[in-house]
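Observations on the model geometry
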Amino acid sequence: MKLARTAVAVTLASFALGAVLSAADLSQLPWYVSRASGLVAFALLTGSMILGLLVSTKAADGVMPRALVFDLHQFMSVLVLTFTGVHAGSLLFDTYLRFSPVDLLVPFAAPYRPAWTAAGVIAGWLAGLVTASFWARKRIGQRNWRRLHYASFAAYVAALGHGIFAGTDTGRPLVAWLYLGSIAAVAALMAYRIGQARGAHGRAGTRRPTARGAAGARGRSGSLDREHGRSQQHSLQHPARSEQP
Amino acid sequence: MAANYPRARALVAGGALLALAIGVDYVHSGGQDAAVSGDPGSTASASTNSPAGAQATQAPAASRARTSRAS
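Residues numbered from 1 in each chain as written. Chains lettered and ligands numbered in written order. Predicted model: local features only at pLDDT ≥ 70, side-chain atom pairs only at ≥ 80, totals over all residues. Heavy atoms only, no water.

Glancing now at the overall build of chain B. Within chain B, the regular secondary structure consists of three helices and zero strands. Going from N to C terminus, chain B has its helices and strands arranged as α-α-α. Residues classed as buried in chain B amount to 37% of the 71 residues present. Counting every atom, chain B has about 3500 Å² of accessible surface; 60% of that belongs to carbon and sulfur. (Helix = DSSP H or I, 4+ residues; strand = E, 2+ residues; numbered from the N terminus. Buried < 20%, exposed > 50% of the residue type's maximum accessible area, 1.4 Å probe, protein only. Areas by Shrake-Rupley, 256 points an atom, 1.4 Å probe, with all protein chains shown as cover.)

See below:
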């Protein structure tokens, strides 16, 4: 098994090396790597968003284990940061645009399309914050962790704007389809998620007892409100939390 | 981070690396296409002697200029 893994790794590495060498003019290499890694980072961010939404909506429950979806969601978030690091870091070696570390880390510091480059910088910081929160969940608490997770939507929108308006490959067919497909998939799952949440609210609203009825219910078998609150909270919580360390 | 599904993770990581390799080739070939097709931006190669600050603010033109240089 180890041999097979090594073979796969070597094959992939040779592909990467081949592509690198095919970019004959090595002085242009950082520029090509930056553009390609930016696109891969965005594709991974899209994948991570989709997997996260699949966990929260439970839409993939019949297809694959939720723990697997969550595990890949978390792992993809780390890969997003890795490729974002390559995307930004390779620009340091570009002799043409001459980005400095400050340009890459501080929003609005870069001279090249300041607003849209800043969107990318902000997206990177937000993605880093959300990813770091996976390991701080116990410390910050489940509720705060979930609230912090909403920043991933802002990171996605910022990354999308950065890619479309600061990227130099937006007009190319494959890249345009990447953006369109990403928007369609994430928007559809978000709409589904919002529909689920509204449905849960609606059900809770129609079943909410009157004050007199609630008092009676409390006396008989505990609070229905509490029960609704619990079930509603359950439906909004990250379902895989109990399956994670 | 405990790897609960190492094979799935390896698959995703390998796919991402492969995508990077394909992406480098894709953007590289795109540069050649732009230069060959007579993209107006590729004429910006004439401005490659401009100051670095001017280059940096001329984003698409600069990128096309560099691709035309590459070809």
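Residue and element names in this part refer to chain A. It is at 10 Å that the axes of helix H3 (residues 66–89) and helix H5 (residues 114–132) come closest, and there the two elements cross at 145°. As H3 runs across H5, the sense of the crossing is left-handed. On H5, the residues that touch Ser77, Val78 and Leu81 of H3 are Gly124, Ala127, Gly128 and Thr131. When grouped by side-chain class, the residues that make up the contact of H3 with H5 number three nonpolar, four polar and no charged. (Axes fitted to C-alpha atoms, helices over the stretch in contact; angles between N-to-C directions. Left-handed = near helix turned anticlockwise from the far one by under 90°. Contact = heavy atoms within 4.5 Å. Nonpolar A, V, L, I, M, F, W, Y, C, P; charged D, E, K, R; others polar.)

Looking now at the pattern of salt bridges. Within the structure shown, the criterion is met by three salt bridges over all chains. In this structure, the salt-bridge partner of Asp169(A) is Arg35(A), at a minimum N-O distance of 2.7 Å. Of this pair, Asp169(A) sits in the loop between helix H8 (151–166) and helix H9 (173–207) while Arg35(A) sits in helix H2 (residues 29–57), and the two are 134 residues apart along the sequence. The salt bridge involving Asp71(A) is made with Arg9(B); its shortest N-O contact spans 2.6 Å. With Asp71(A) in helix H3 and Arg9(B) in helix H1 (residues 6–36), the pair connects residues from two separate chains. Residue Arg9(B) is classed as buried on the basis of its relative accessible area, which comes to 6%. (Salt bridge = Lys/Arg side-chain N within 4 Å of Asp/Glu carboxyl O.)

On to the confidence of the model for chain A. Residues and elements named next belong to chain A. Residues of chain A with pLDDT of at least 70 account for 73%, and the chain-wide mean is 82. Model confidence for chain A, summarised as mean pLDDT per element, is weakest for helix H11 (residues 224–236) at 37 and strongest for H8 at 97. pLDDT under 50 marks residues 212–245. Its contacts with residues more than four places away, or in other chains, come to 44 contacts. (pLDDT = per-residue confidence, 0-100.)

Okay, the environment of Pro65(A) next. Residue and element names in this part refer to chain A. With respect to the helices and strands, the residue Pro65 is situated in the loop between H2 and H3. A relative accessible area of 45% places Pro65 in the partly exposed class. In this structure, the C-alpha to C-alpha distance between Pro65 and Val55, residues ten residues apart in sequence, is 9.7 Å.

Bringing the side chain of His162(A) into the picture now. Residues and elements named next belong to chain A. Topologically, His162 is positioned in helix H8. For His162, a relative accessible area of 19% translates into the label buried. Apart from the residues lying within four places of it in its own chain, the contact partners of His162 are His87, Trp116, Thr117, Ala119, Gly120 and Gly167.

Leu44(A), Phe83(A), Phe99(A), Tyr156(A) and Val12(B) are the most contacted members of the largest nonpolar core, which totals 50 residues. Looking at this core, the elements with two or more residues in it are H2, H3, H5, H8 and H9 of chain A together with H1 of chain B. No other element matches H2(A), which puts 16 residues into this core. (Core = buried A, V, L, I, M, F, W, Y, C linked by side-chain atoms within 4.5 Å.)

Under the counting rule described, the total for this entry stands at seven aromatic pairs over all chains. Ring centres of Phe70(A) and Phe134(A) lie 6.0 Å apart, and the angle between their planes is 80°; on these two criteria the pair is classed as edge-to-face. Taken together, the residues span a long stretch of sequence, with Phe70(A) in helix H3 and Phe134(A) in the loop between H5 and helix H6 (137–140) at a distance of 64 residues. Across the pair, Phe134(A) and Phe70(A) agree in class, each one buried. Taken together, a centroid distance of 6.4 Å and an interplanar angle of 25° make the contact between Tyr150(A) and Phe153(A) stacked. The exposure class of Phe153(A) is partly exposed, given its relative accessible area of 24%. Taken together, the aromatic side chains of Phe70(A), Phe134(A), Trp135(A) and Trp145(A) make up a single cluster linked through ring pairs. Of note, Arg137(A) hangs over the ring of Trp145(A), and the distance from its end group to the ring centre comes to 4.4 Å. For the cation-ring pair, Arg172(A) lies above Tyr26(B), with the distance from its terminal atom to the ring centre recorded as 3.9 Å. (Phe/Tyr/Trp six-rings, centres within 6.5 Å; stacked < 30°, edge-to-face > 60°. Lys NZ or Arg CZ within 6 Å of the ring centre and 35° of its normal.)

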